[in-house]
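Descriptive structure summary
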Amino acid sequence: MTMDVAALFARKCTGAFGCFLVVLLMLMPTAGLAAQDQAFDHFSTGFPLTNAHAQLNCDACHKRSDFIGTPNTCRDCHNGTLASGKNATHIPTAAQCDLCHDGLAWSFSGFFDHSTIMASCASCHNGVQATGKSRNHIPTTAACDLCHVTVAWVPARFDHSNTTAACFTCHNGRDATGKNTTHIQTTNNCEACHSNRVWVPTIAVDHGEIPGRCESCHNNVIAVGKSPTHIQTSASCDVCHNTIRFVPAQFDHDSVTASCASCHNGVQATGKALSHIRTSNVCEACHTNNVWVPTYDVDHDHVIGTCASCHNEGASVSLFAVGKPATHMPTSDVCDACHSTTAFVPVLRVDHTQVLGVCSGCHDGVTAGGKSATHVPTTAECSNCHNTTGWIPALFDHTGITNNCFSCHNGTQATGKSPTHINTSNVCETCHNVTAFVPVVRVDHTQVNGVCSTCHNGTTATGKSPTHVPTTQECSTCHSTVAWIPANFDHAGVTGNCASCHNGTQATGKTPTHITSSNVCEACHSTTAWMPTVRVDHTQVQGTCFSCHNGTTATGKNPTHIASTNLCDSCHLTSSWLTVRVDHTQVTGVCSSCHNNVAATGKPATHVPTTQECSVCHQVTGWIPALFDHTGITGNCASCHNGTTATGKGPTHVSSTNVCEACHNTIGWAPTIRVDHAEVLGSCSTCHNGVQATGKPANHVPTTSECNLCHLTTAWLPAGFDHAGIVSGCSTCHNGTTATGKNATHINTTNVCESCHLTTAWQPANVDHGQVVGVCSSCHNGIVATGKTPNHVPTTLECERCHSTLAWTPAGFDHTGIVSGCSSCHNGTTATGKSASHIASTNVCEACHSTTTWSPETTVDHNEVLGSCVSCHALPGGHCATALDCNACHFTNTWGNEFGDCAATVAPPAPPPPPGTAPPPPGGTIPRPPGGGTPPPPPPPPPPPPPPPPPAAGGGGGGHGGGH
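About the criteria used
- Residues numbered from 1 in each chain as written.
- Predicted model: local features only at pLDDT ≥ 70, side-chain atom pairs only at ≥ 80, totals over all residues.
- Heavy atoms only, no water.
- Helix = DSSP H or I, 4+ residues; strand = E, 2+ residues; numbered from the N terminus.
- Buried < 20%, exposed > 50% of the residue type's maximum accessible area, 1.4 Å probe, protein only.
- Contact = heavy atoms within 4.5 Å.
- Areas by Shrake-Rupley, 256 points an atom, 1.4 Å probe, with all protein chains shown as cover.
- Disulfide = S-S within 2.5 Å.
- Salt bridge = Lys/Arg side-chain N within 4 Å of Asp/Glu carboxyl O.
- pLDDT = per-residue confidence, 0-100.

Here we come to the overall build of the protein chain. Looking only at helices and strands, the protein chain has 4 helices and 0 strands in total. Reading the protein chain from its N end, one meets helices and strands in the order α-α-α-α. Every one of the 964 residues in the protein chain was classed for burial, and the buried ones make up 19%. Sequence separation of at least 24 residues holds for 34% of the intrachain contacts in the protein chain that already meet a minimum separation of 6. Counting every atom, the protein chain has about 65,100 Å² of accessible surface; 60% of that belongs to carbon and sulfur.

Turning next to the state of the cysteines. Enumeration according to the criterion identifies 0 disulfides in this entry. Distance from the sulfur of Cys359, which forms no disulfide, to the nearest cysteine sulfur (Cys382) is 4.8 Å. For Cys359, a relative accessible area of 21% puts it in the partly exposed group. In this model Cys475 remains outside any disulfide bridge; the closest cysteine sulfur is found in Cys452, 4.7 Å from its own.

Looking now at unusual backbone geometry. For the bond running from Val154 to Pro155, omega is 0°, close enough to zero to count as cis. Relative to the assigned elements, Pro155 resides in the segment after helix 4 (74-77). A cis geometry characterises the amide bond from Thr809 onward to Pro810, with omega recorded as -5°. For Pro810, the position within the fold is in the segment after helix 4. Backbone geometry places Asn220, a non-glycine residue, at a positive phi of 65°. Note on placement: Asn220 falls in the segment after helix 4. One non-glycine residue, Asn597, lies in positive phi territory at about 65°. Checked against the element boundaries, Asn597 lands in the segment after helix 4.

With that settled, consider the pattern of salt bridges. Applying the stated criterion across every chain yields a total of 2 salt bridges. The residue Arg213 makes a salt bridge to Glu215 at a minimum N-O spacing of 2.2 Å. The salt bridge partner of Asp333 is Lys324, with a shortest N-O separation of 3.1 Å. A relative accessible area of 39% places Lys324 in the partly exposed class.

On average, the protein chain scores 77 in pLDDT, and the residues at 70 or more come to 87%. For the protein chain, the element scoring lowest by mean pLDDT is helix 1 (residues 3-10), at 39; helix 4 scores highest, at 80. Contacts of residues 903-910 to residues separated by more than four positions or lying in other chains number 9 contacts, the stretch itself having pLDDT below 50. The low-confidence segment residues 947-964 (pLDDT under 50) makes 48 contacts with residues lying over four places distant or belonging to another chain.

Structure below.
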């Protein structure tokens, strides 16, 4: 449109014809207008077209060629209706858009004025829209601007009142100042003593947080310590004091380093009472600091005065000690004559000058030592023989002796028997008397000990005569002390050989059937019983063993005898038949026929279990060392190879059972022939660590799981797979190389597979929209994922404009991008439609209403209104009376009266048209211009609305309100 036309359109047309010309001008072809638009100086409107705005078509801003009233500020246009506005996630602000954005691109211009923000800092500084608190930020619920300012984020002022963590989380000497080197030893619970408003001085000291000793602080430097008048002690303060109340204090004497009297002097603490015994002031010599009374001991070195001054039990004094008991021996009161102050009992000595009465009054074995068990039995008083100055030697008198002679005459207490005395008992008095010891009165043989010949030897007493039988026997063998003759005979002791008598002449000799032997009869026979023989002296036997030991003449080999030849003396000794040596050259048969632990020593309990014959490993010449052959071993290897019997598993051996043969063989112990994993104990990785055995290769799936979770010992490959223990993300393996990755049809996402898929079942998958890259419709297209339903609102907007990935419904709504007319939804079914009170109109809602604000309407497009004007417009006050419809005088686009005087246009109501005549147009007749002529045609309809602007990020509005 030219500038002139625009000016004419902007002015009121005067007269009906003038308006008619305006209409004609509006219907003229618009060719060449674009060139004129290019020449139009937009700067004159107060809104110069620069940057991106210079590239727009006019109708992008001037809807329906409406040039008047077009907003010229960013926010009045970019309001989500005329043009894309702030999206739902935009920072809340009242500032003009161009304060932060430039006209070249919507991107941030680099300048930001926080003073225009209408919300809290954290609404943007949340780590999503703008930088938020860092991971090492002080834990707090306070708003950012409590400490920070928008001019400079650092340095910040600090307010502890909203801090939610303990002081030490920051005041650790790294994030903030911590305890200095002179700080007392404490826990890190700073707030137990300090206030977050004033660090020094402390508000209190919580001694429960101090792990050290009291004096580490209470030393009169850091804190008040012991005063100069404090009791001298090495104990820690808390032995007597507590942290709740320092005074009064409990008292523990154990650590006091000064003497008792330094306090217990009657001034600082209670001292000795008036009735106290006379002593020095060393209290601790007698008293204990745990219990003052009674005393636990009395150190008599500190007592002044005689013993009896205290030990006077029963005396009329207020304080006394135990005196002599009723059973005390009669003595004087000089206690220390006998007793010691260090140990009253037993006494060190007895001063007999202080003892009253006879000796036996004390020396009775109870009060004092009496006569010993070896004392001469007597009824005499001690003093008869002994004296107190020297107990030994003593005078002696046999008078009163009550026991036999030997009780004293035993060579110890008194002279006993001389070395030449005959061997007798000790009953001296059977031969001797006390009046004259020698000569003896008689000899009582019942008291004589020993053999007869010790006396009857021809010297001491009569001995054997020259004609006596030669013998070494004792006299008593044949003779009796009662009657010497007749005598019994006993071969014992005869000094001649048997054959000298038993020669068949003087006495019976050998019979014809006697075995061949020498004549030494006594070698085999006994003098007490000739038959049977007591023994056989094989040195006197002539001939081989088997000539007698044939089972007839003498015992032969028994049925259990080992298989052997008949050379008995090859193994047996005649001196000891059972003490044998075995000449294995005479043995017939295998070793085990004897070496069976019955006939001979067999395999010990610790022997290697085997079925082999002994001779396979052992030799008869030397049992040890032995050769060894594993053939025939019946036990397992570990029964020998246990580190004791034979070499066992070494320190570096893999952890396994003791079934050695599962991996090793007896021919070559190393290398192993195989590894039987069924015998291996412990986890696979204890061996498969790349040192003892092959471990995980460099390209192995990163995992902490044990090998056997996926692999088998029978076949390493192929392997099962268990995702348990995998320490890296899925995509480190599922990358299309190591393992199957995303296929070609996979939706556009990040590589964090585990956000949607499970390791137990890859399908179906939960979709974590936080990992999806791209717009919703790239998936929600009805093929990959559910798309818009057939009854969905027709729109070109992306799903996320209205829907959320957290919950698809309910959804926000934004009319931007709707591609159909309002009534396609606002039909009273899908969405609220026209109310019953709505004016008669077409269903082109958008002709009058805005999607941002349904009511009031932004304009009324009368082209969409049905019916006469008066159905809506009533005559205002002062209007001339007329029966005409409003459009007889008024235009809907210019309400002013353009046809001149109201009275000239007043006309009576038109008569009804004749039958068959077309009805007048709605709203009455069309006024004719003055002077007649053809009435002007009706105004052309408004141009169609321009296409909607491109969708803006975010935004959206609610549904329409009630009726119009």
